[in-house]
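Take a look at the letters that make up each chain.
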Amino acid sequence: MMRFFVPLRLAVRPVPVIGLLVAVVLALSAAGTRSFGANREGSTRVFLIANSDHGFHYGKFEEDCPKGFEATVEEEFVQSLSPAERERLLKPENAKEYGNAWKNDFITGPGGENVCNNPKSFVNDPRRRTYRGVSSKVAYGLNLDGTTDGRAAAKTCAHAKFEGVNGEPLVDNQLYRALGCSKLSRGTGASTHQYLDPFLIELRGLDDLKNNDHVEMSIYSTADGDLSLKAADGSDLAYQTFTITPNPRWRTTVKARIVDGVLMADPIPMMHLHWVMSTWGTFGQVSEHEFRDVRFRLTLGPDGTLTGVMANYRPLDNIYTVGYCCKGTASTANNDCASEYNTMLAMADGYPDPVTGKCTMISAAQVIAGVPAFLVPPQGETLSAVRTGRPGSTTASR
Amino acid sequence: MKSGLVMMKPTRAIARIRFGLGVAVMAVSIGVIAAEAPSTASTMRRLTDEQYRNAIADIFGEDVEFAGRFDPLVRPPHGLQVQGVSQIAVSPAGLEQYDKMARVIAAQVVDERHRNLLVGCRPQTATMPDDSCAEAFVRRTGEFVFRRPVTQADVKSYVSAAHASATLTKSFYTGLADALGAMLTSPRFLFDLDGTEPDPAHPGAQRLDAYSKASRLSLFLWNTTPDRELLAAAAKGTLHTQAGLKQQVDRLLQSPRLESGVRTFFSDMLGFDQITDLSKDGTIYPQFTRDAKRDMPEQTLRTIVDLLLTKNGDYRDLFTMRHTFLTRALGAVYRVEVPDQRGWVPYDFPEDSPRAGILSHMSFVATFSPPGRSSPTLRGKALRELVLCQPVPDPPNNVNFSLVENTKTGTVRDRLTAHRANPACAGCHKAMDPIGLSLENFDGAGTYRLHENGALIDASGDLEGHAYNDPVGLGQAVRNHPQLPVCLSKRLVEYAVRRPLDADESAWAKTLSTRFVESNYRLRDLMRIIAASDQFLKPSVARETTSREVQ
């Protein structure tokens with residue numbers, strides 16, 4: 001008969017081993033202890049940007065959208081029907097057929113692709129109508145093309161200008177113009193608080209917060225993905241520590257200056273930020289936001305916060321890659337992604353295709369707010385090395 | 001006419017019989033104490049929930065899982081919570097919980113995953129009783145469950161119970177689980193019973209028997225049941241010799257398991273049990289997150305273990321040391337970098353930091369603050385009572401707190417000055433407020449602040465003639481306070497005996513502080529002195545409890 005001494009567990013219980021390991025770890029840790037003071041430099045501040053909106057200005061609805069919301073996918077479906085077919089399908093006894101027709105057939109392409117994963121497949125679908133766009137004169141943003149009238153130039157297509165919400169006289173935000181009256185974008189109000197994954201802004205050389213020509217600004221994704229703690233009141237928790245992404249592609253450094261308390265950064269030709277939900281890819285599994293000609297206009301608050309606008313051109317494909325996904329966006333959220341895409345294509349104002357002459361990017365703005373934070377470099381790197389940014393992303397000095 | 005039992009479904013009938021059997025075995029086990037206990041039981045102390053969990057993990061392994069609520073311990077005035085174990089009042093609900101946990105544990109011990117290792121033998125057939133295998137199990141497991149060898153009566157009763165249940169259920173292992181469940185609900189497992197025997201060195205007097213000494217040592221130093229080596233020392237009688245006792249005490253003190261005992265002691269001494277119910281106003285203290293609340297006692301305990309055990313440091317340095325351990329959530333409260341996103345990192349507050357010593361930890365300043373403000377009075381009271389063992393009376397019933405609770409203007413020093421104008425309040429507040437005001441640079445969540453309502457905070461103070469200007473100075477004053485080693489000695493004796501001290505023990509605790517000072521304030525040395533002392537290992541003298549009373 002097999003016999004064991006029951007309380008063998010007393011001899012083999014892992015506690016002593018664990019305890020010993022803990023002691024060793026503690027001893028080793030103690031030997032390697034350091035005081036982390038990288039962000040204690042008086043003229044350097046770090047901000048966690050965990051609050052980012054898609055930069056749609058919500059004025060009076062009747063002024064912004066005098067003809068109401070843009071058509072939903074269901075409304076477009078109904079409008080696409082002949083009067084007789086419309087009357088038939090809208091009868092209560094045909095409700096199931098009606099639902100299936102717009103929630104499945106209408107949003108599915110000939111190859112079985114759905115309208116939100118593959119809006120390009122519906123570009124020539126006459127049932128998808130281009131949105132009217134907002135009528136508002138005011139928008140978030142910055143003057144990206146440098147013109148006063150939005151006329152076409154080498155890198156831009158002709159477009160109308162907005163007045164800036166934050167005092168900028170002539171700003172570009174064609175993304176808002178395209179989608180500002182869509183129910184999906186506007187229907188729930190200003191509720192998009194994490195349009196971008198949390199990222200970091202580091203400002204160095206802040207010895208004068210009023211007027212300063214020598215500020216250096218770095219923008220980093222974090223190595224921690226979207227791991228950002230919330231405070232007890234639901235706000236973004238200040239003074240968290242984040243590790244800078246080890247991927248140089250998601251790190252950018254640029255020169256900036258403060259004029260009358262407003263910080264403006266030099267244009268950044270191209271910038272990428274990590275997008276954690278990479279499986280949402282529509283045109284490929286790209287796990288990053290792409291921005292062109294990025295500009296910042298920020299204000300340092302007396303309470304240690306940072307608020308302002310980040311303006312840029314967004315490649316249309318990238319917007320769909322990171323922002324849209326799945327059949328449910330159409331069938332549940334009742335949004336016609338093809339109409340949206342066609343509208344953005346029609347209103348795109350940046351980076352014309354050399355062959356077609358049609359613009360491939362659209363001006364946009366993100367309203368951001370940051371709280372104080374700490375950062376540490378990724379393992380094996382120093383802060384000074386990280387701050388140099390990825391090659392090619394840093395613009396020449398002014 | 002059929003009986004109700006027969007009319008029940010077979011499974012229910014068996015369950016009822018098994019329940020009755022379990023209760024019967026519990027009764028038998030209690031009776032065994034009266035009939036065959038080798039010595040007279042004199043006092044009983046309930047195992048704490050932590051001791052219960054540690055014992056189960058030690059005997060059966062950490063993968064044996066169970067959940068349940070233990071009857072709460074009542075902290076005596078100005079004492080330790082663990083002293084509540086000497087108040088033997090187990091509620092009916094508490095008994096029910098013990099029974100449920102025992103059944104859950106026993107079922108896992110005999111399940112297919114564990115039986116080969118934990119049962120230790122195999123029955124002739126799994127569908128019938130096997131008294132030989134059951135006896136082997138009862139003897140081997142019982143020694144660790146009861147913290148002493150099982151008696152012949154134990155063996156007989158538990159094997160009979162296993163046999164009867166196995167017959168009814170047609171399962172050897174179910175029968176064994178029922179017997180083990182009864183053992184785990186025995187008072188001899190749930191309570192630490194002092195067994196005494198005639199003391200050959202002092203004819204006519206009693207001494208603790210060796211197994212009771214082993215239990216007392218293990219529960220004090222490891223916060224768990226004795227291990228095999230300690231029980232062997234008890235069996236050989238070497239715990240009754242100076243050399244044998246010293247050898248075991250030294251072994252226990254060098255074990256990594258000492259950390260468990262030290263953590264439990266300081267959690268109790270520093271009132272960490274209050275953190276469970278601690279809440280803060282999230283709009284005032286957004287940094288007081290669930291993660292920070294979870295981590296704040298652990299920060300202090302890690303700091304204590306690091307200084308007093310890993311580094312064998314000076315106890316007094318706990319009140320001045322810059323070194324600690326932080327998580328990201330705590331870093332947000334302290335506003336310092338913590339590079340590890342999910343774990344703990346060692347951290348040294350800079351020399352110019354206002355934060356030094358455990359009094360500046362969140363676990364102290366946040367715990368002893370109301371939900372929406374700081375409280376110099378609560379902090380001062382806690383420091384006096386917990387760290388210096390200087391009890392402060394409760395406030396009279398007719399105090400008007402409205403003045404100090406108005407946090408809209410000025411500093412709390414101004415408000416308390418007005419409060420102390422009342423002679424009825426002044427006596428106690430003079431003892432609490434000055435030291436509490438020195439911690440006002442830490443808000444109600446523990447974050448450093450320089451101003452309150454725009455007014456510069458004056459953190460200067462005086463502790464028994466030792467003047468200082470800031471929280472760091474307060475820590476230094478506490479470090480040098482003559483009552484500091486006296487209090488730790490007293491608390492450790494209270495923790496060791498787990499009941500209120502009698503007059504002799506109180507006097508003994510005072511003399512211990514002298515030896516603690518002579519040992520350069522080393523905690524391990526103080527624990528060694530206590531553990532190896534006659535005073536600690538003497539029978540409890542409150543009164544002799546008869547076996548009938550134990551039932």
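These numbers were taken from a predicted model, which means no experiment stands behind them.

## Side note on the overall build of chain A
Right, on to step 1. Looking only at helices and strands, chain A has twelve helices and 13 strands in total.
Right, on to step 2. Burial status across chain A gives 44% buried among its 398 residues.
Right, on to step 3. Of the contacts formed within chain A by residues at least 6 apart in sequence, a portion of 73% connects residues at least 24 apart.

## Observations regarding the overall build of chain B
Right, on to step 1. Each helix and strand counted, chain B has 25 helices and nine strands in total.
Right, on to step 2. Looking at chain B residue by residue over its 551 residues, the buried ones come to 51%.
Right, on to step 3. Pairs at least 24 residues apart make up 69% of the contacts formed inside chain B by residues separated by at least 6 positions.

## Focus: the packing of helix α10 (residues 210–221) of chain B against helix α11 (residues 228–236) of chain B
Residue and element names in this part refer to chain B.
Right, on to step 1. At their nearest, the axes of α10 and α11 sit 8 Å apart, and the two run at 150° to each other. As judged from the angle between their axes, α10 and α11 are roughly antiparallel. Between α10 and α11 lies a crossing of right-handed hand. For the pair α10 and α11, contact is made by A210, Y211, K213, A214, L217 and S218 and by L230, L231, A233 and A234, respectively.
Right, on to step 2. Looking at side-chain class alone, the contact of α10 with α11 contains eight nonpolar, one polar and one charged residues.

## With respect to the nonpolar core
Right, on to step 1. Counting residues in hydrophobic clusters, the biggest one holds 184 residues, and the most contacted among them are A:F47, A:L200, A:I362, A:A373, B:A214 and B:L492.
Right, on to step 2. Ranked by the residues each element gives to this core, the list is headed by strand β13 (residues 359–376) of chain A, at 13 residues.
Right, on to step 3. Setting aside residues no more than four positions away along its own chain, A:A373 makes contact with A:V46, A:F47, A:L48, A:L200, A:A238, A:Y239, A:Q240 and A:F242.
Right, on to step 4. B:A134, B:A136, B:F144 and B:L184 belong to the second-largest nonpolar core, a separate cluster that totals 43 residues.

## Remarks on the environment of A:E202
All names here are of chain A.
Right, on to step 1. The topology assignment puts E202 in strand β4 (residues 199–204).
Right, on to step 2. On the neighbour-count criterion, E202 (21 C-beta atoms within 10 Å) is buried.
Right, on to step 3. Sequence separation between E202 and T44 is 158 residues; the distance between their C-alpha atoms is 7.1 Å.

## Description of the confidence of the model for chain A
All names here are of chain A.
Right, on to step 1. Scored by pLDDT, chain A comes out at a mean of 82, with 81% of its residues at no less than 70.
Right, on to step 2. Within chain A, the lowest mean pLDDT, 39, falls on helix α2 (residues 15–31), and the highest, 97, falls on strand β12 (residues 350–352).
Right, on to step 3. Note that residues 1–40 has pLDDT below 50 and, in this model, 68 contacts with residues that lie over four places away or in other chains.

## Looking at the environment of B:T324
Residues and elements named next belong to chain B.
Right, on to step 1. By the element assignment, T324 lies in strand β4 (residues 323–326).
Right, on to step 2. Measuring from C-alpha to C-alpha, the distance between T324 and P346 comes to 5.9 Å, with 22 residues separating the pair along the chain.
Right, on to step 3. Excluding its chain neighbours within four sequence positions, the residues that come into contact with T324 are Q299, T303 and Y347.

## Regarding α10(B)
Residues and elements named next belong to chain B.
Right, on to step 1. An ideal rise of 1.5 Å per residue puts 16 Å on twelve residues; α10 measures up with 16 Å between its terminal C-alpha atoms.
Right, on to step 2. Across the twelve residues of α10, twelve count as buried, placing the element largely inside the fold.
Right, on to step 3. Along α10, the residues that are buried comprise A210, Y211, S212, K213, A214, S215, R216, L217, S218, L219, F220 and L221.
Right, on to step 4. Directly beyond the C-terminal end of α10, a positive phi value near 60° is found at N223.

## Here's the deal with the packing of helix α13 (residues 258–269) of chain B against helix α14 (residues 290–310) of chain B
Residues and elements named next belong to chain B.
Right, on to step 1. Relative orientation of the contacting elements α13 and α14 amounts to 125°, with a least axis distance of 10 Å. Between α13 and α14, the crossing angle belongs to the class labelled oblique. The crossing of α13 and α14 is right-handed. Counting all contacts with α13, which are made through L258, E259, V262, R263, F266 and S267, the residues of α14 involved are P297, L301, I304, V305, L308 and L309.
Right, on to step 2. Of the residues that constitute the contact of α13 with α14, the class distribution is nine nonpolar, one polar and two charged.

## Description of unusual backbone geometry
Right, on to step 1. Phi is positive for A:N334, close to 60°, though the residue is something other than glycine.
Right, on to step 2. Structurally, A:N334 can be placed in the loop between α10 (328–331) and α11 (337–347).
Right, on to step 3. Not every positive phi belongs to a glycine, and B:H78 is a case in point at roughly 60°.
Right, on to step 4. Secondary-structure assignment places B:H78 in the loop between α3 (49–60) and α4 (92–109).
Right, on to step 5. Judged by the 11 C-beta atoms lying within 10 Å of it, B:H78 is exposed.

## Some details on the confidence of the model for chain B
Residue and element names in this part refer to chain B.
Right, on to step 1. On average, residues of chain B carry a pLDDT of 87, and 85% of them reach 70 or more.
Right, on to step 2. Scored below 50 in pLDDT, residues 1–42 shows 68 contacts in the model against residues more than four places distant or in partner chains.
Right, on to step 3. Every residue in residues 542–551 scores below 50 in pLDDT, and together they form 20 contacts with partners more than four places removed in sequence or on other chains.
Right, on to step 4. With pTM at 0.80, the complex prediction returns an ipTM value of 0.72.

## Remarks on the pairing of β13(A)
Residue and element names in this part refer to chain A.
Right, on to step 1. Across the 18 residues that make up β13, a large majority, 16, are buried.
Right, on to step 2. Inspection of the sheet shows strand β6 (residues 240–243) paired to β13 by four bridges, in the parallel sense. In the sheet register, Q240 faces β13, and the bridge partner there is A373.
Right, on to step 3. Judged from the ten bridges that link them, strand β11 (residues 306–315) and β13 form a sheet pairing that is antiparallel. For P315, the partnering residue across the bridge sits in β13 and is M361.

What counts and what doesn't
- Residues numbered from 1 in each chain as written.
- Chains lettered and ligands numbered in written order.
- Predicted model: local features only at pLDDT ≥ 70, side-chain atom pairs only at ≥ 80, totals over all residues.
- Helix = DSSP H or I, 4+ residues; strand = E, 2+ residues; numbered from the N terminus.
- Buried ≥ 20, exposed ≤ 12 C-beta atoms within 10 Å, placed from the backbone.
- Contact = placed C-beta atoms within 7 Å.
- Axes fitted to C-alpha atoms, helices over the stretch in contact; angles between N-to-C directions.
- Parallel < 35°, antiparallel > 145°, perpendicular 65-115°, else oblique.
- Left-handed = near helix turned anticlockwise from the far one by under 90°.
- Nonpolar A, V, L, I, M, F, W, Y, C, P; charged D, E, K, R; others polar.
- Core = buried A, V, L, I, M, F, W, Y, C linked by C-beta atoms within 7 Å.
- pLDDT = per-residue confidence, 0-100.
- Expected span 1.5 Å × (residues − 1).
- Pairing = 2+ DSSP bridges.

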